[in-house]
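Descriptive structure summary
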Amino acid sequence: MAGVTPPLPSFVCERFMLKIEHLTKIYDNGVKALDDVSFEVPDGQFVAIIGLSGSGKSTLLRCINRLIEPTDGRILWNDIDITSANDEELRLIRRRIGMIFQQFNLVKRSKVITNVLAGRLGYTNQFMSFINHFSKEDYEDALAKLERVGIADKADNRADELSGGQQQRVGIARALMQDPELMLADEPVASLDPATSHSVMKYLELLNKEDGISILCSLHFLSLARTYSDRVIALKDGRIEFDGPAQDIDEVRFKEIYGEDAVRVEIE
Amino acid sequence: MWGSRSPETARRNLLIVIGIAIAIVIYSFGIDQTDIDLRETQDETRQTSVTRALRELLSPDIFDQDSESQFAAVSMQLRCEDDGAASEITAPSGSEPTVVVVTGCVSSGDVITVEGFNFRPNTPAVLRWIPPNGESRPLTPVGTTDIVFDVDSDGHFATQVTVPRIRGEDEAHQIQAEARWGVGLPFASDTTHLVIEKMIETVLTALMATTLAIPIAFAISFLAARNLMKQVSVPAGNVFVGVILLPVGWILGTMLYGAVGQFGVELGSGELFNGATAEAAAPAVLLLLASVAGGVKRRQNVAGTGISVRLRVFGLNVLMVAVGIFVFGVLGGLALTASEVLDSGFLATFGNALGTIGDIIELTIVGVGGLVGAVMLSSFSANLVQHTLKDLRGIESHVAGFVLGGVMGAVILGLVALFGTQGALLGLFAPVVTAILGAQAAAALYTYVFNVDKRAFNVTKTQATGRLIASIVGAVIMFVIAAEMLDLSRALVQGRLPAEDTFRFFGVAFPVRSFIGKAMLMGAILSGIMGALSGVHESIPVGMTIYNGSRTILNAMRSIEPLIMGIVFVIWVGVGPFAGVLALGLHSIAALGKLYSEQIENIDNGPLEAIQSTGATRLQTIIYGVVPQIIPPYIAFTLYRWDINVRMSTIIGFVGGGGIGFILQQQINLLQYRDAGVAMLAIAIVVSVLDYMSATIRERII
């Protein structure tokens, strides 16, 4: 099933929701993390980004919502230029782009429900945030999202009381609160055991299939990319080394991406 | 081995030798300068006095006891003719306490034996010489230093004393013996009562000082946290407009919000009804408008990015904030009313506290209004002009940069120079700020002339060095020029304030200071150059500027000892605990501000990133991402600071800051070491108990 273009709703067909043009990022210390990266993502696609540590996966994802400022190039999202947006415009763009992280990035001392509600901040008046106020609809929505990822009973627990897999599901619920069109997932399962990894990836797959959310997900394991993604982009030293369906990656390509000494490790 | 010694090793060894030589010189000089002299400690009179002082300190006057006494006296004639042989002493026959001297005829300087009979056995006693005029003085038994001696188990004593030098030798003098013993249970002495009372005052001084410091240090800590401020950079045009409008916003804020706030205070305190004035009408109308506007805003739920929408939203926000300030003012006024109602009995303390809070609100509301106004106007207009400035291209952008940058420089240096008119030494700030601007302008010029890439990774080492040299040269040149133009020697050598001139405009005389004008001119030129070179689009690291500024202020404040601040505040608000609260509070702001901001720098950055990526504003990111992480360490450091403040408040009294230090100093000056012992014991107990308590609580929190 990998590599087969999933059936998409007709109205999004052949529209590129994300266009990346000649994206380059050079850090202040001179490290070139991204080197002239260009690709396009049609609406509703599940894209896996693979590559060695330091190949630029995280930088690429963070440039898209400008947690990291790109040095050069353009990022167009639904024909809006993200790279030239001012603070206010960027905020409006960011709130439709969800993001989940390798370290989950929950506020550990806050309650689970508060962490989920934080996904709604982009839609909340900041003076209301001063008194920690969210609307009743937001509360109900947050509980529904927790229900969806299967941990509604943990809503009042502190975030650090949850296991890793549960924390990542809170992270997904938080991103869902944004009502996202695009989900960036930065190594979402790298800190989890194989079984939990699959359960988290299944939730991402569900969002992709049921809600039509496009997903850009960086992964360590090719096997995961093969199982869940429509398309694989492989980065090496900040350049695109491969772009295509996962089953096209044979032994030769694998060595090109991961280096001569690499041995395949599977995660089942 | 030895053959392989490299020049590297040789150089290191040489450095070590030089280091040791330097250390020897420094320590010799140190011993010489600090008058270290161990013979001083061997001196006998000094040893005697230190022994006495220590002994008294270690016998604190904690308890007191009711006592009973026995008195007995014997008369004697001085310089009498009968200088016969000493008569034998015979025990008196009665059972009354009696004092007998060996001879009834003595002169000054004689050593005489005094014996007592029938006193209470085993009781401490003293002898006094009472001349005819009644000015008794204690007699120290020969061979001792203690005036007290003991009556033996038979009720008898025999002591030798020296006849003191006295006037009126022809008349009869008396030697009186007193035996004194305690009855009943011991009770806390007057000193103990006083010390306890002052100790409570001390602990409360520390508490109030810490409380005063918490909110201010909390606010500053965000500005002094590198990880939060590093990412804040704003296009140059926005910075120019924002800074230019800060003072304007302040003035408008004090006018608008100050009036509304004072109206609130007057309404709450009932002052308004005593003599309703026409002045109250304007704020009242404004409030009416504001509440209507609030309703409109709720219904319309305005959104969008057009200029007219922004203006409308800003207008609504201005009115909403006015309502907030008004409510704040009313609360302050109500506190004042409450303090008048609760002016007696058990609730008087609360009434008093409420009254103080009301006073604080009444006093600060205009300033708060100004601050809010400044921040609102500056951030709004910076935001608003962004749309206009965004479309400026090429030369237009640089012209706009020149104009706006120039005005900004003038405003900044105008404010700095205004500050400089408050004290001679403060006049130094204007040249310093000019020099900083000069350095920036020179670096910008260098970058422009040699076409240096603005991105850090593309700058070669030579270019970086060149830029550094350019900025140093620029700083020095501008400092010299500014020092000359602003007549720095006047401020530094003569210690005078800049002169005030009078400027006539249509026959009306305005007071002006050419000092401020010159400073503004320099600021305008330098800042104009930078603005012209950068244009209005270049992003300026405002965050790091604020970070460096607030860190510098915190460090400067921390380097002033609370005792010195105490001296200033005693002059300002008089001797007493309030001066201590202010001195310790100010120092605590600096100390806590630094501790707090270091905690922010230590937080986990991940949640911040996550919350930012949801489209949250900076404020929301802080509330949801930073605050939950810093609360436990903040509580711990606040307790720690309170602990330190208790320790410091015990000595802030030495300069008049109230509390236990005040009486401790008096006791020491009056050589009442037994009383001082009580105070020191109390300090030791309170400090160690609080130390233990705060350590325990801190352990639980973290």
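Not measured: the values here are computed from a predicted model.

Another aspect to go through is the overall build of chain A. Within chain A, the regular secondary structure consists of nine helices and ten strands. In terms of overall size, chain A behaves like a compact globule, its C-alpha atoms giving a radius of gyration of 18 Å where 268 residues would be expected to give roughly 18 Å. With respect to the principal axes defined by its C-alpha atoms, chain A has extents near 55 × 45 × 40 Å. Here the contacts in chain A between residues at least 6 apart in sequence split such that 71% fall between residues at least 24 apart. If you sum the accessible surface of chain A, you get close to 11,600 Å²; carbon and sulfur atoms cover 49% of it. Counting 32 positive and 43 negative side-chain charges, chain A places the averaged centre of each group 4 Å from the other.

Turning next to the sheet that holds strand 4 (residues 111-117) of chain B. All names here are of chain B. A sheet is described by the order of its strands in space; here three strands give the open sequence 2-4-8, paired in antiparallel fashion. Two strands lie at the open edges of the sheet, namely strand 2 (98-101) and strand 8 (157-162), each paired on one side alone. In this sheet, adjacent strand axes meet at a mean angle of 25° when their direction is disregarded. With four bridges joining them, strand 2 and strand 4 adopt antiparallel strand pairing. Within the sheet, the bridge partner assigned to Val101 lies in strand 4 and is Val114.

The next point concerns unusual backbone geometry. All names here are of chain A. With a phi close to 55°, Asp36 is a non-glycine residue in the positive phi region. Residue position: Asp36 is located in strand 2 (residues 32-42). A positive phi angle is found at Asn105, which is not glycine, with a value near 55°.

Let us now look at helix 12 (residues 429-449) of chain B. With 21 residues, helix 12 of chain B should cover 30 Å at 1.5 Å per step; its first-to-last C-alpha distance of 30 Å lies within 8% of that length. Taken from the residues just after helix 12 of chain B, B:Asn451 is the one with a positive phi, measuring 55°.

When you line up the elements, B:Gln629 lands in helix 20 (residues 618-652). Aside from chain neighbours lying at most four places away, what touches B:Gln629 is B:Ile603, B:Asp604, B:Pro607 and B:Leu608.

As a further point, take the interface of chain A and chain B. On the chain B side, the residues contacting the 41 residues of chain A number 26 residues. The junction of chain A with chain B conceals about 2,800 Å² of combined surface from both sides, 57% of it contributed by carbon and sulfur atoms. Taken as a group, A:Val107, A:Leu121 and A:Gln126 account for 18% of the area that chain A buries against chain B, more than any other trio of residues on that side. At the junction of chain A and chain B, the tally comes to two salt bridges. For B:Asp604, the salt bridge goes to A:Lys108, with nearest N and O atoms at 3.4 Å. Taken together, the links from chain A to chain B amount to six residue pairs in polar contact (both at pLDDT 80 or more). Elements represented by at least two residues in the side of chain A that touches chain B include exactly helix 2 (87-94), strand 6 (97-100) and helix 4 (126-130) of chain A. Residue composition of the side of chain A that touches chain B, by class: twelve nonpolar, 17 polar and twelve charged.

A word on the packing of aromatic side chains. All names here are of chain B. On inspection of all chains with the given rule, the structure shows twelve aromatic pairs over all chains. Between Phe119 and Phe157, the aromatic rings sit 5.4 Å apart at their centres with planes inclined by 50°, giving tilted as the arrangement. Of this pair, Phe119 sits in the loop between strand 4 and strand 5 (124-130) while Phe157 sits in strand 8; the two residues are 38 residues apart in sequence, bridging distant segments of the chain. Judged on exposure class, the residue Phe119 and its partner Phe157 are both buried. Relative to Tyr634, the ring of Tyr596 has its centre 3.8 Å away and its plane inclined at 10°; by these criteria the two rings are stacked. Of this pair, Tyr596 sits in helix 18 (residues 577-601) while Tyr634 sits in helix 20, and the two are 38 residues apart along the sequence.

Below, the discussion takes up the packing of helix 13 (residues 461-485) of chain B against helix 15 (residues 514-534) of chain B. Residues and elements named next belong to chain B. For the pair helix 13 and helix 15, the least separation of the axes is 10 Å and the interaxial angle reads 155°. With respect to each other, helix 13 and helix 15 are oriented roughly antiparallel. Handedness of the crossing formed by helix 13 with helix 15: right-handed. Residues Met478, Ile481, Ala482 and Met485 of helix 13 touch helix 15, and the partners they reach there are Lys518, Met522 and Leu526. Tallied by class, residues from the contact of helix 13 with helix 15 come to six nonpolar, no polar and one charged.

Residue and element names in this part refer to chain B. Residues Ile469, Val473, Ile477, Ile481, Met485, Leu521 and Ile525 make up a contiguous nonpolar surface patch of about 590 Å² in total accessible area. Of all the elements, helix 13 adds the most residues to the nonpolar patch, at five residues. Within the fold, Ile477 resides in helix 13. Among the residues examined, Ile477 registers a relative accessible area of 44% and is labelled partly exposed.

Let us look at the packing of helix 18 of chain B against helix 20 of chain B. Residues and elements named next belong to chain B. Viewed as axis vectors pointing N to C, helix 18 and helix 20 meet at an angle of 150°, and their least axial separation amounts to 9 Å. As far as their axial angle goes, helix 20 and helix 18 are roughly antiparallel. Handedness of the helix 18/helix 20 crossing: right-handed. Across the interface between the two elements, Gly580, Ala583, Leu584, His587, Ser588, Ala591, Leu592, Leu595, Tyr596, Gln599 and Ile600 of helix 18 pack against Val626, Ile630, Pro633, Tyr634, Phe637, Thr638, Arg641, Asn645, Met648, Ser649 and Ile652 of helix 20. By residue class, the composition of the contact of helix 18 with helix 20 is 14 nonpolar, seven polar and one charged.

In this section: the sheet that holds strand 4 (residues 72-77) of chain A. All names here are of chain A. Within the open sheet, the four strands sit side by side as 2-1-4-5. Their pairing is antiparallel. In this open sheet, the two edge strands, each paired with only one partner strand, are strand 2 and strand 5 (80-81). With five bridges connecting them, strand 1 (residues 16-26) and strand 4 associate as antiparallel partners. In the strand pairing of strand 4, Ile20 is matched with Ile75. Relative to the sheet, helix 1 (residues 57-64) contacts strand 1, strand 2 and strand 4, its axis offset from that of strand 1 by approximately 120°.

As a further point, take the confidence of the model for chain A. On average, residues of chain A carry a pLDDT of 86, and 92% of them reach 70 or more. Counted against residues more than four places away or in other chains, residues 1-13 of chain A, with its pLDDT under 50, gives 16 contacts.

Counting 56 residues, the largest nonpolar core has A:Ile50, A:Leu146, A:Ile172, A:Met201, A:Leu204 and A:Leu219 as its most contacted members. For this core, the element with the most residues is helix 6 (residues 164-177) of chain A, which contributes six residues. The residues touching A:Met201, leaving out its near neighbours within four places in the chain, are A:Phe46, A:Pro188, A:Val189, A:Cys217, A:Leu219, A:Leu224 and A:Tyr228. Formed by 31 residues, the second largest nonpolar core is a distinct cluster that contains A:Ile20, A:Leu23, A:Cys63 and B:Ala610.

Residues and elements named next belong to chain B. With respect to the helices and strands, the residue Phe662 is situated in helix 21 (residues 660-669). In this structure the C-alpha to C-alpha distance between Phe662 and Arg558, which are 104 residues apart in sequence, comes to 24 Å. Once residues lying within four places of it in the same chain are set aside, the contact partners of Phe662 are Val575, Gly653, Phe654 and Gly656.

Residue and element names in this part refer to chain B. On the secondary structure map, Leu207 appears in helix 4 (residues 190-223). Exposure remark for Leu207: the relative accessible area of 34% places this residue in the partly exposed category. Residues Leu207 and Gln65, 142 residues apart in the sequence, show an inter-C-alpha distance of 35 Å.

Let us look at the pattern of salt bridges. Counting across every chain of the model gives 30 salt bridges over all chains. When the shortest N-O distance is used, the salt bridge between A:Arg120 and A:Asp138 registers 3.2 Å. Residue A:Arg120 is found in the loop between helix 3 (112-117) and helix 4, and its partner A:Asp138 is found in helix 5 (residues 136-148); the two are separated by 18 residues along the sequence. A residue is classified by how much of its surface remains accessible, and A:Asp138, at 11% relative accessible area, is buried. Residues B:Asp643 and B:Arg647 are paired through a salt bridge, measuring 3.4 Å at the closest nitrogen-oxygen approach. Within this pair, B:Asp643 and its partner B:Arg647 are both found in helix 20, separated by four residues, close to a single helical turn.

The rules behind these values
- Residues numbered from 1 in each chain as written.
- Chains lettered and ligands numbered in written order.
- Predicted model: local features only at pLDDT ≥ 70, side-chain atom pairs only at ≥ 80, totals over all residues.
- Heavy atoms only, no water.
- Helix = DSSP H or I, 4+ residues; strand = E, 2+ residues; numbered from the N terminus.
- Rg over C-alpha atoms; globule rule 2.2 N^0.38 Å.
- Contact = heavy atoms within 4.5 Å.
- Areas by Shrake-Rupley, 256 points an atom, 1.4 Å probe, with all protein chains shown as cover.
- Lys, Arg positive; Asp, Glu negative; His and termini not counted.
- Charge placed at Lys NZ, Arg CZ, Asp CG, Glu CD.
- Pairing = 2+ DSSP bridges.
- Axes fitted to C-alpha atoms, helices over the stretch in contact; angles between N-to-C directions.
- Expected span 1.5 Å × (residues − 1).
- Buried area = accessible area lost by both parts, 1.4 Å probe.
- Salt bridge = Lys/Arg side-chain N within 4 Å of Asp/Glu carboxyl O.
- Polar contact = N/O pair within 3.5 Å; in protein donor to acceptor, adjacent residues only side chain to side chain.
- Nonpolar A, V, L, I, M, F, W, Y, C, P; charged D, E, K, R; others polar.
- Phe/Tyr/Trp six-rings, centres within 6.5 Å; stacked < 30°, edge-to-face > 60°.
- Buried < 20%, exposed > 50% of the residue type's maximum accessible area, 1.4 Å probe, protein only.
- Parallel < 35°, antiparallel > 145°, perpendicular 65-115°, else oblique.
- Left-handed = near helix turned anticlockwise from the far one by under 90°.
- Patch = residues over 30% accessible without salt bridge, like charges linked within 9 Å, V, L, I, M, F, W, Y side chains within 5 Å.
- pLDDT = per-residue confidence, 0-100.
- Core = buried A, V, L, I, M, F, W, Y, C linked by side-chain atoms within 4.5 Å.

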